[in-house]
Structure formats: C-alpha cells, structure tokens
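One-letter residues, chain by chain:
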Amino acid sequence: MFNSSQLKILSRLALAASASLVFTGYAAAADKTLTVYTYESFITEWGPGAKVAEAFEKTCECKVNYVGVADGVELLTRLKLEGAASKADIVLGLDTNLVAEAKATGFFAPHGIEAKDLKVPGNFSDDTFLPYDYGHFAVVYDTETLKTPPKSLKELVEGDASQKIVIEDPRTSTPGLGLLLWVKAVYGDEAGAAWAKLKDRVLTVTPGWSEAYGLFTKGEAPMVLSYTTSPAYHMVAENTERYQAATFSEGHYIQIEVAGMTKSAKEPELAKQFLAFMTGPEFQSIIPTTNWMMPVAATKEPLPDAFNKLVNPEKTFLLPSEEVAKNRKAWIDEWLAAMSKN
C-alpha cells in the first residue's frame, strides 16, 4: 500500500505524464506542413500570403510553407518538370486558361468540395480546380505622363510608338498569356500582324507581373499590362488616383485564378481543408486589398469605395480552356515570330 505522500507523488507524476502526452500530440499536429506553390507577388510583404497563412494556421494546427515562382504559367511548367516527385500539396495561381492543360498532366486530384456559392463571371465550375479571385486585364497608365490613353486595343496596337508599354511574357506569365489571348480574341487570324505593329511600343517583356509593374511605377514606361483592379491599390494604399486603367471599346479579357491539390500531396486532408478555407469569408476578405483582385465569395466587410471607381468592362473575353491548351504553343510561336521581326 502507498502512504499519502507516495500517492501525492504518483498523482503528480501521472498529471505530468498526461500533460506531456497532450503537449506531444499538439506538437505533432503543429508539425504538419502544407506546402503551397504559388506566384511571387502572392507572397511578397504586401501580398496576401502572410495573412492567409496566419489565418489558416489558426484553424489547422499546422504550418504553411510557400514556394514561389515568377508567375502563374511557370507554376505549371515547374510542376511538369517535377512530376510525381513534386512537394506541392496545393498549387495556387493557375488560371482558367491553363485548367485543361493542367488537368491533362494527371497531377491533380479532384477537390470534392461543394462550391455552389462561388460567383465568377461565366459561372466557372470545375471538379479539380476552385476559383479564388478574378479580374479583367487592362492597360494601366500614368495620368501624369500620358494624357490621352488608348481607348481600344486597336489604338494600342496602332498608336504612337514613342509611348511605351511594359508587357509580360506569355511563356511564363498568366498576364502575358492573357494579353496574347486578348489579342487573339479580337484579331483572330490577324493577330500576328497586330503583334508586329505593337512590338514597336513594347519597352520590354518581363518574366512576370511584379517586374513589369515595378518598371511602370518607377517611370520607365507610361503604360503596363495589368488589371482593371490595379488602380484600387493606389487609391487605397497610397491615396492617389494617378494610375488608372484604360477602358477598351472592344472589351477586356478576364482572368479567373484557381487553386488545386496534387495527387502527390503529403497532406491531402490538410490540402482539402485549405481549399475549403480558401472559399470562405476569412480568405476572401484578405484578397481584395492584398492581391487587388475581385473576391469570388462573400467577404466579412464591404469592399473599399475605390472598387466602385474601377473600369467595369461592357464585354468580357474568355476563350475555352481546351482551345487554349490545343493552340497555346502555336499562338506563342506566332507571337515570338512577330516580336522578333526587324
């Protein structure tokens, strides 16, 4: 039999052991890591990445590890190179133009999430990829250096060659691919000729959006290929209306950004949990004033007034993803041939 002192000691030891087990269990849960491949601007200090990670980590007892590449198209390229050995659990930053090609790799798993409350132009829905934001591509210009911006894609193509624009590479960048498809949607078989004219206005072609927009805001060119939502950043964060998006009479090409989970995910349940979180109000409330795109679901608070001042395109272009997958290489070759002509 144990005396009272011995019983107290045993009791304390049992409590300590129990606490140790609880702590060890929590630590094991917190040691889980969700690896998210995304584009660089998502994880910059002013992007949504840090806030998204902080909010999700409160719900998952895990850590979010981001792996950034220059831009969205490069995400797909990297995944193709890595194949089944990829460490990605989630790929965030492809867009609907790349969905068919991404699904054809066989690297992605169905998400199994009901997304009936998501609202995007055209009502995009897919069993593998979930949308998380959208925006229309636009030529953003500096009102202090360009008093008369182009009012159509035709005016951009045929305008004053001394008024330069910075664009992104369609081989590595989703905005670059978006402009390529925008030109194709408007010009069709004459797209090559349009590019041959436009190239004289192109100051440079950057690998991704961040580099292009950085050159623009440094004053290297009065125009940049960006989004109708980009001026909201300057109005909200910098309290200036200096940078505006030009309204194009033909209409604007839309980008719907998506995320999906890989079949090789080390943490598939965590990946599904993240995708469900991504469509909820916490994530969606972060997007407008960090990624500067439109949310696809309800946010906790109304959007800032600046979003009511943005260009609202009367016509939206979006080519079928299957058509893009079938023709992307040929259309890029057409672009390369036109841009390399003397």
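Remember, predicted model here, so these are calculated numbers, not experimental data.

## Brief notes about the environment of Trp195
With respect to the helices and strands, Trp195 occurs in helix α7 (residues 191–198). The buried category is assigned to Trp195, whose relative accessible area is 2%. Taking C-alpha positions, Trp195 is 9.1 Å from Leu180, a pair spaced 15 residues apart along the chain. Excluding anything up to four places from it in sequence, Trp195 contacts Ile167, Leu179, Leu180, Val183, Trp335, Ala338 and Met339.

## Overview of the pattern of salt bridges
Tallied over the entire structure, the rule returns 16 salt bridges. Look at the salt bridges and you will find they share partners, linking Lys80, Glu101 and Arg328 into a network.

## Side note on the packing of helix α2 (residues 49–60) against helix α10 (residues 268–278)
Running from amino to carboxyl end, α2 crosses α10 at an angle of 125°, the nearest separation of the two axes being 11 Å. When the interaxial angle is binned, α2 and α10 end up oblique. For the crossing formed where α2 meets α10, the hand is right-handed. Contacts from Val52, Ala55, Phe56, Thr59 and Cys60 of α2 reach α10 at Leu270, Gln273, Phe274 and Phe277. Residues of the contact of α2 with α10, tallied by class, amount to 7 nonpolar, 2 polar and no charged.

## Remarks on the packing of aromatic side chains
Here the structure, examined in full by the defined rule, presents 19 aromatic pairs. Relative to Phe129, the ring of Phe108 has its centre 4.7 Å away and its plane inclined at 55°; by these criteria the two rings are tilted. Placement of Phe108 in strand β4 (residues 108–109) and of Phe129 in the loop between β4 and β5 (130–142) is noted, with a sequence separation of 21 residues between them. Relative to Phe283, the ring of Phe277 has its centre 6.3 Å away and its plane inclined at 85°; by these criteria the two rings are edge-to-face. Here Phe277 and Phe283 have matching classes, each one buried.

## Description of the environment of Asp31
Positionally, Asp31 belongs in the loop between α1 (4–30) and β1 (33–39). On the accessibility criterion, Asp31 (59% relative accessible area) is exposed. Between the C-alpha atoms of Asp31 and Pro170, which are 139 residues apart in sequence, the distance is 38 Å.

## Observations regarding the packing of helix α6 (residues 174–187) against helix α12 (residues 321–339)
Between α6 and α12, the shortest axis-to-axis distance is 11 Å and the interhelical angle comes to 90°. Comparing their axes, α12 and α6 come out roughly perpendicular. On α12, the residues that touch Leu177, Leu180, Leu181 and Lys184 of α6 are Val324, Arg328, Trp331, Ile332, Glu334 and Trp335. Within the contact of α6 with α12, the residues separate by chemical class into 7 nonpolar, no polar and 3 charged.

Cut-offs used in this document
- Residues numbered from 1 in each chain as written.
- Predicted model: local features only at pLDDT ≥ 70, side-chain atom pairs only at ≥ 80, totals over all residues.
- Heavy atoms only, no water.
- Helix = DSSP H or I, 4+ residues; strand = E, 2+ residues; numbered from the N terminus.
- Buried < 20%, exposed > 50% of the residue type's maximum accessible area, 1.4 Å probe, protein only.
- Contact = heavy atoms within 4.5 Å.
- Salt bridge = Lys/Arg side-chain N within 4 Å of Asp/Glu carboxyl O.
- Axes fitted to C-alpha atoms, helices over the stretch in contact; angles between N-to-C directions.
- Parallel < 35°, antiparallel > 145°, perpendicular 65-115°, else oblique.
- Left-handed = near helix turned anticlockwise from the far one by under 90°.
- Nonpolar A, V, L, I, M, F, W, Y, C, P; charged D, E, K, R; others polar.
- Phe/Tyr/Trp six-rings, centres within 6.5 Å; stacked < 30°, edge-to-face > 60°.

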